[in-house]
Amino acid sequence: MLYGQSRSHKKDDALWVLPGEKVTVHSFEIADGMVYVGNFLTAAPDGGWNTDTPAPCLIRPSLKVASGAPQTNLDLGYWPSYTDLTLNQRLTYLHWLASGKSDTSYPMGYPFLYFYGLERRLVADSPPIDEEALLVAEVERLRSLFGNNGSFVNYSTELLNFIEMKHAVTDIPRVEAWKPDLAALGDHMSPLLQVKLGLHVLRGMPLDVDLAIAGILSLPPHLTGLWPRIATTRARPEFIELMRHRFNQKFPKGFRLRDKKESRLDLSYRSASQYLHASIKFDGFDRLPDPAQLTWTKMVKLCEGVREDLTAFAKVVGKERERADSMAAALMLPVELGESETVRSFRAWLGDLPQPLADVPLEELGLRCFGSGKTASGLRQACDMSAMLARVGYGMEPDPTYGGTRPGENIILFRIGDTQGQLTPVGADFCTATLIMTAIGPAAKALTLRSKLVDDLTTRLRLTPHETKRLTARLQLLPERLPTLGRLKTIVESVEPEQRTAIASLAASVAVTIGETDQGMMVALERLYKAFGLGRQELYTVLHQGTAATASCAAEPIVVEDGKSRRRGHRIPAPPSKAKSQDGIVIDMSKVDVILQETKEVDAILAPIYEDEASEIPISVAVSPTLEQETKFVGLGPEQARLLEALVNQPEWTRSGFEAKARELGLMPDGALEAINEWAYDTFDEELIVDGDPLIINMALLADAPGASS
């Protein structure tokens, strides 16, 4: 078949080139057909206002094309028509067709223009069944090539559904046997799903779990209020699984969708081409109910509950689906879904570690807790790992949750037993023990002496088993050198003057009890006393009963390491009975008795030992009030950006204050909060505003906000 460049016009003289046939237009040979070629083909086969308009898909040989090489970057705009193309655009389109209709580097207007012809043939011409199968296969081929274009996927899906529906309406058993694919649901209800739901309603049959879930998720959000959220996008498999579980509990006999006689389903085809319209007529039915016009209230409430309970999991997963297999995500799943394989594998790994203490690389634990691609070295990550370990009966050191420093390259893991999945609190006694161990622990060189140190502190301070295990783990992390005098002063600076003698006396008493009074221990005790502002005479009074004696001191200064620390509260225990050291030194506990009597009303002797590293970093709001709106919080909507600009003036907001500020700007509080946090997850991969009363704003994140000033 050969078309030249005749300028003659003839109404409806266009021909459809069958699949596999050749056609040549302006020297371009289209080898496999499937195009309309001719002088005229009406755009509206059913008549109407556009009867005299040429069909957009029609290739009109009478229209000129440019010469030379095609310009493959020429876009065609929205709803292209061959008649309206420029000479260069026609040349490029014919070249795309002749080259195999497969080049994905061309703008999407060219595949769409070709798709218009396939669509018209399938919908308006009702081709033979054999040809129809070839055309459907061609549509599927185009979907495999251009599946990254959402618009093309939607229109091609509509076309394939329509073709399937044309056959289904004449074969009701086929409709009844069809089941929806919940993992592949689109943003609107397919014709097959509409018909199947309508048949169930018309016959008074309850919907099973798959039909009910498919129906509620395919309804327009403005009808249900179920706008897309991360729980139904990032956590779709878990959402469906939890929906199944709760649906079967709430609707054991299925969900009954009530009919409304005024409801009528109109199965019209929404074409990609702007002129083509078609609808399906049913035989044997006066009407089918339209599912979108019926009442889904109970299913909406079920969905809302599931979505709410999966939000925390979806936030952990973020935009990287592989994180769904991490412990951080698994522990966020509702208990109804049972313990996941991830948790069971984590328990097994912990159980295979050496006991009672295991030295584990931080990187390995972080990988098991967070999955790949997320660091485990920050303070927040350390606290999260601590909570995850507690859920399975384990603890770690160092642990910022319990006053420890931020973990280094390695951490110590230990079993803490049944915690009911919660972090086990520690008391002021534990904080007292950690202070003494920090001050004099490095001086106990021998392993046996360090064990005695833990045992003595456990006895004196009546530590719980969990506290003893944590203290033992922390002992493994002590540096070999004593803390500097400056560091000790930082640790004890908030201790009340009347409390200092008591804690220093207790440390000296412990040193003598464990039998460690060599030069190193004396240096440690003297340094602690000096940090408290106490003199040597007071130390010697504790060490020697009745009279002062000169203790052995280091002849030269000792080089020490500085360590990070956090403050905790402390409480001095009841004094022990007089003890005698291995060297025959007897402590004058009468002085300690007086000191302890004076402080017995004090529940917390010391402020927290360790300074949180995060507190040493000045927090600054990274967004200047003088910035132009378009440079702030890039990617966030203008209304939400104005709200966030107002919120970052302070790190905390009462719930009522936040809601008032949101409404002042014309925003719904919950929706605005969701939008800001969704932006934060896309930008920083973590939450910016922690919901509650008060609301907490993670101010440190804003330093990295796109468009924020430095």
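Nothing here was measured: the structure is a model prediction, and the numbers come from that model.

**As for the sheet that holds strand β8 (residues 357-361)**
Taken in spatial order, the three strands line up as β8-β10-β9 in an open sheet, and their pairing is antiparallel. Two strands bound the open sheet, and with one partner strand each, they are β8 and β9 (394-397). Across the sheet, the axes of successive neighbouring strands diverge by a mean angle of 30°, strand direction being ignored. Bridge analysis of β8 against strand β10 (residues 410-415) gives five bridges, and the strand direction is antiparallel. Looking at β10, one finds that Val 360 is bridged to Ile 411.

**Things to note about the packing of helix α25 (residues 655-664) against helix α26 (residues 669-684)**
Angle between the axes and distance between the axes: these two values describe a pair of packed helices. Relative to each other, α25 and α26 sit at 90°, their axes nearing to 9 Å. When the axes of α25 and α26 are compared, the pair comes out roughly perpendicular. Here Arg 655, Phe 658, Glu 659, Ala 662 and Arg 663 of α25 come into contact with α26, specifically with Pro 669, Asp 670 and Leu 673. Grouping the constituent residues of the contact of α25 with α26 by class yields four nonpolar, no polar and four charged.

**A few points about the sheet that holds strand β15 (residues 695-697)**
Taken in spatial order, the three strands line up as β13-β15-β14 in an open sheet, and their pairing is antiparallel. The sheet terminates laterally at β13 (652-653) and β14 (689-690), the two strands that pair on one side only.

**Observations regarding the pairing of β9**
Every second residue of β9 is oriented toward a common face, with Tyr 394 and Met 396 on one face and Gly 395 and Glu 397 on the other, all of them buried. Across four bridges, β9 lies against β10 in antiparallel orientation. When the bridges of β10 are listed, Tyr 394 appears paired with Arg 415.

**A word on the side chain of Ser 263**
With respect to the helices, strands and loops of the structure, Ser 263 is situated in the loop between α10 (236-250) and β6 (268-270). By relative accessible area, Ser 263 is classed as buried at 1%. A polar atom in the side chain of Ser 263 sits 2.7 Å from the backbone nitrogen of Asp 290. With near-sequence residues (within four places) excluded, Ser 263 lies in contact with Arg 287, Leu 288, Pro 289, Asp 290, Gln 293 and Leu 294.

**Considering helix α21 (residues 519-531)**
Here α21 contains 13 residues, and its C-alpha end-to-end distance of 18 Å stays within 8% of the 18 Å for a straight helix at 1.5 Å per residue. Burial of α21 is extensive: 10 of the 13 residues sit out of reach of the surface. Looking only at α21, the buried set comprises Met 521, Met 522, Val 523, Ala 524, Leu 525, Glu 526, Arg 527, Leu 528, Tyr 529 and Ala 531. Where the residues of α21 are buried, they touch α16 (428-440), α19 (485-492), α20 (497-513) and α22 (536-543). Gly 533, located one to two residues past α21, shows a positive phi value of around 80°.

**With respect to the nonpolar core**
Most often, soluble globular proteins have nonpolar side chains that are buried together. With 62 residues, the main nonpolar core has Val 35, Ile 59, Tyr 93 and Tyr 114 as its most contacted residues. Per-element tally for this core: the top contributor is helix α2 (residues 109-124), with nine residues. With residues near it in sequence (within four places) discarded, Ile 59 still touches Val 25, Ile 30, Val 35, Tyr 36, Val 37, Gly 38, Tyr 82, Tyr 93, Leu 94 and Leu 97. Core analysis: the second largest hydrophobic core is formed by 43 residues, Leu 457, Leu 488, Met 522 and Val 542 among them.

**What about the environment of Trp 679?**
Mapped onto the elements, Trp 679 comes out in helix α26. You can call Trp 679 buried: its relative accessible area is 5%. With 39 residues separating them along the chain, Trp 679 and Gln 640 place their C-alpha atoms 9.9 Å apart.

**Digging into the side chain of Lys 101**
Looking at where Lys 101 falls in the secondary structure, it is placed in the loop between α1 (87-98) and α2. Taking relative accessible area as the criterion, Lys 101 reaches 0% and is therefore assigned buried. Here the side chain of Lys 101 touches Asp 32 through a polar contact of 2.9 Å, side chain to side chain. Once residues lying within four places of it in the same chain are set aside, the contact partners of Lys 101 are Ile 30, Asp 32, Gly 33, Met 34, Trp 96, Tyr 114, Glu 138, Arg 141, Leu 142 and Leu 145.

**With respect to the packing of aromatic side chains**
Summed over the entire model, instances satisfying the criterion amount to 17 aromatic pairs. Here Tyr 82 and Tyr 93 contribute two aromatic rings whose centre-to-centre distance is 6.2 Å and whose plane-to-plane angle is 55°, an arrangement assigned as tilted. Here Tyr 82 is found in the loop between β5 (35-37) and α1, whereas its partner Tyr 93 is found in helix α1, with 11 residues between them in sequence. In this structure, Tyr 82 and Tyr 93 share a single accessibility class: buried. For the ring pair Tyr 93 and Tyr 110, a centre distance of 6.4 Å and an interplane angle of 25° mean the geometry is stacked. With Tyr 93 in helix α1 and Tyr 110 in helix α2, this residue pair connects regions lying 17 residues apart in the sequence. Assessed through its relative accessible area of 1%, Tyr 93 is described here as buried. Ring pairing ties together the aromatic residues Phe 112, Phe 115, Tyr 116, Phe 146, Phe 152 and Tyr 155, which thus form one cluster. Directly above the ring of Tyr 82 sits Arg 90, whose terminal nitrogen or CZ lies 5.8 Å from the centroid. The ring of Tyr 36 carries Arg 120 above its face, with NZ or CZ at 5.9 Å from the centroid.

What counts and how
Residues numbered from 1 in each chain as written. Predicted model: local features only at pLDDT ≥ 70, side-chain atom pairs only at ≥ 80, totals over all residues. Heavy atoms only, no water. Pairing = 2+ DSSP bridges. Helix = DSSP H or I, 4+ residues; strand = E, 2+ residues; numbered from the N terminus. Axes fitted to C-alpha atoms, helices over the stretch in contact; angles between N-to-C directions. Parallel < 35°, antiparallel > 145°, perpendicular 65-115°, else oblique. Contact = heavy atoms within 4.5 Å. Nonpolar A, V, L, I, M, F, W, Y, C, P; charged D, E, K, R; others polar. Buried < 20%, exposed > 50% of the residue type's maximum accessible area, 1.4 Å probe, protein only. Polar contact = N/O pair within 3.5 Å; in protein donor to acceptor, adjacent residues only side chain to side chain. Expected span 1.5 Å × (residues − 1). Core = buried A, V, L, I, M, F, W, Y, C linked by side-chain atoms within 4.5 Å. Phe/Tyr/Trp six-rings, centres within 6.5 Å; stacked < 30°, edge-to-face > 60°. Lys NZ or Arg CZ within 6 Å of the ring centre and 35° of its normal.

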